[in-house]
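If you want the building blocks of each chain, they are given just below.
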Amino acid sequence: MAALSPAAARVQEALTALGFGHRVIEFAQTTRSSAEAAAAIGCTVAQIAKSILFKGATSGAPIMVIASGVNRIDERKVAALIGEKLRKADADFVRAATGFAIGGVPPVGHARPIRKVIDRDLLEFERIWAAAGTPNAVFSLAPEELLRIAGGEPADIAEPPLPPTGTV
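Chemist: Hey, could you go over the pairing of strand β7 (residues 137-141) for me, with residue numbers and the actual values?
Modeler: Where a strand is regular, its side chains alternate between the two sheet faces. Of all five residues in β7, five are buried, a share of seventy percent or more. Where strand β1 (residues 25-26) and β7 come together, two bridges link them in antiparallel fashion. Looking at β7, one finds that Ile25 is bridged to Val138. Sheet topology places strand β6 (residues 128-131) next to β7; four bridges connect them, and they run antiparallel. If you follow Trp129 over to β7, its bridge partner there is Ser140. Counted between consecutive antiparallel strands, the loop separating β6 from β7 contains five residues, among which Gly133 sits at a positive phi close to 100°.

Chemist: Any chance you could break down the pairing of strand β5 (residues 115-119) for me, citing the residues and the numbers?
Modeler: Counted residue by residue, β5 has four buried out of five residues, so it is predominantly covered. Relative to β5, strand β3 (residues 62-68) runs parallel, the two being bridged by four bridges. Looking across to β5, one finds that Ile66 is bridged to Ile118. One ladder, built from three bridges, connects β5 with strand β8 (residues 153-155); its direction is parallel. If you follow Val117 over to β8, its bridge partner there is Glu153.

Chemist: Which residues make up the environment of Ala2, and what values go with them?
Modeler: Tracing the backbone through its elements, the reader meets Ala2 in the segment before α1 (6-17). For the pair Ala2 and Thr44, spaced 42 residues apart in the sequence, the C-alpha separation amounts to 27 Å.

Chemist: Give a detailed account of the nonpolar core, specifying residues and quantitative values.
Modeler: Among the nonpolar cores identified, the biggest contains 30 residues, and Val11, Val24, Leu53, Ile66, Phe139 and Leu146 are the most heavily contacted of them. No other element matches α1, which puts five residues into this core. If near-sequence neighbours (up to four positions away) are discounted, Val11 is found in contact with Val24, Phe100, Pro106, Val108, Ala132, Gly133 and Phe139. The next biggest cluster of nonpolar side chains, apart from the first, holds 11 residues, and it includes Phe54, Ile63, Val78 and Val117.

Chemist: Lay out helix α2 (residues 34-41) with the relevant residues and their values.
Modeler: All buried positions along α2 are accounted for by Ser34, Ala37, Ala38, Ala40 and Ile41. Take α2 and look down its axis: the buried residues cluster within an arc of 165°, on one side only. Residues of α2 that are buried sit in contact with β2 (48-56), β6 and β7. Positive backbone phi, at 90°, marks Gly42, one or two positions downstream of α2.

Rules used in this analysis
Residues numbered from 1 in each chain as written. Predicted model: local features only at pLDDT ≥ 70, side-chain atom pairs only at ≥ 80, totals over all residues. Heavy atoms only, no water. Buried < 20%, exposed > 50% of the residue type's maximum accessible area, 1.4 Å probe, protein only. Helix = DSSP H or I, 4+ residues; strand = E, 2+ residues; numbered from the N terminus. Pairing = 2+ DSSP bridges. Core = buried A, V, L, I, M, F, W, Y, C linked by side-chain atoms within 4.5 Å. Contact = heavy atoms within 4.5 Å. Arc of directions from axis to C-beta.

Laid out in C-alpha cells, this is it:
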C-alpha cells in the first residue's frame, strides 16, 4: 500500500490518536465534491459528510457544519443554533483554522478548536464518508462515531427541498 500524502497522514494520525481504527484511503481521482466522492467510493451522495467552514460574524470564530452531501445548508438555522450570524470563510481562513485546504477539510485533526454542527440527516445511514485532508482522500465511519470524534452537536440544518417543478 502506498504511503499517504502528508495531509492525509495527519488525518490518519488524528484518527489513531482518538482511538479509532479507521483507514484513510487516497484515490487517483478527485473526491473534492460530494458527487465526485460518491462516484469514487461507490456510495450515495447523501452518505458524504461534507465539511463547510463558516466564520462567526461577531466573534470571528470558526464554525464547521458537517452536512449530508445532498443537503444545502440553511445558514439561518445554523446562526440561530450558535447565536450569531455566519459569514463565508475564505480559503486563507479555512487553512488557518483547520490546517487543511478547501476540498479536503476533514472533521478531525484541526489546527485549533472548532465548534461543529452536524447535519441530523447523516444519522440515518449505517456508514458515511468524510474528507481526509486532501481533495482525493476519504475515510468511512458510522454516524455515531462522527458525533464522538468531531464533538459536534446534531441539528436540523438543511434547507427545505425545492418543490417539484410544474406543480401548483
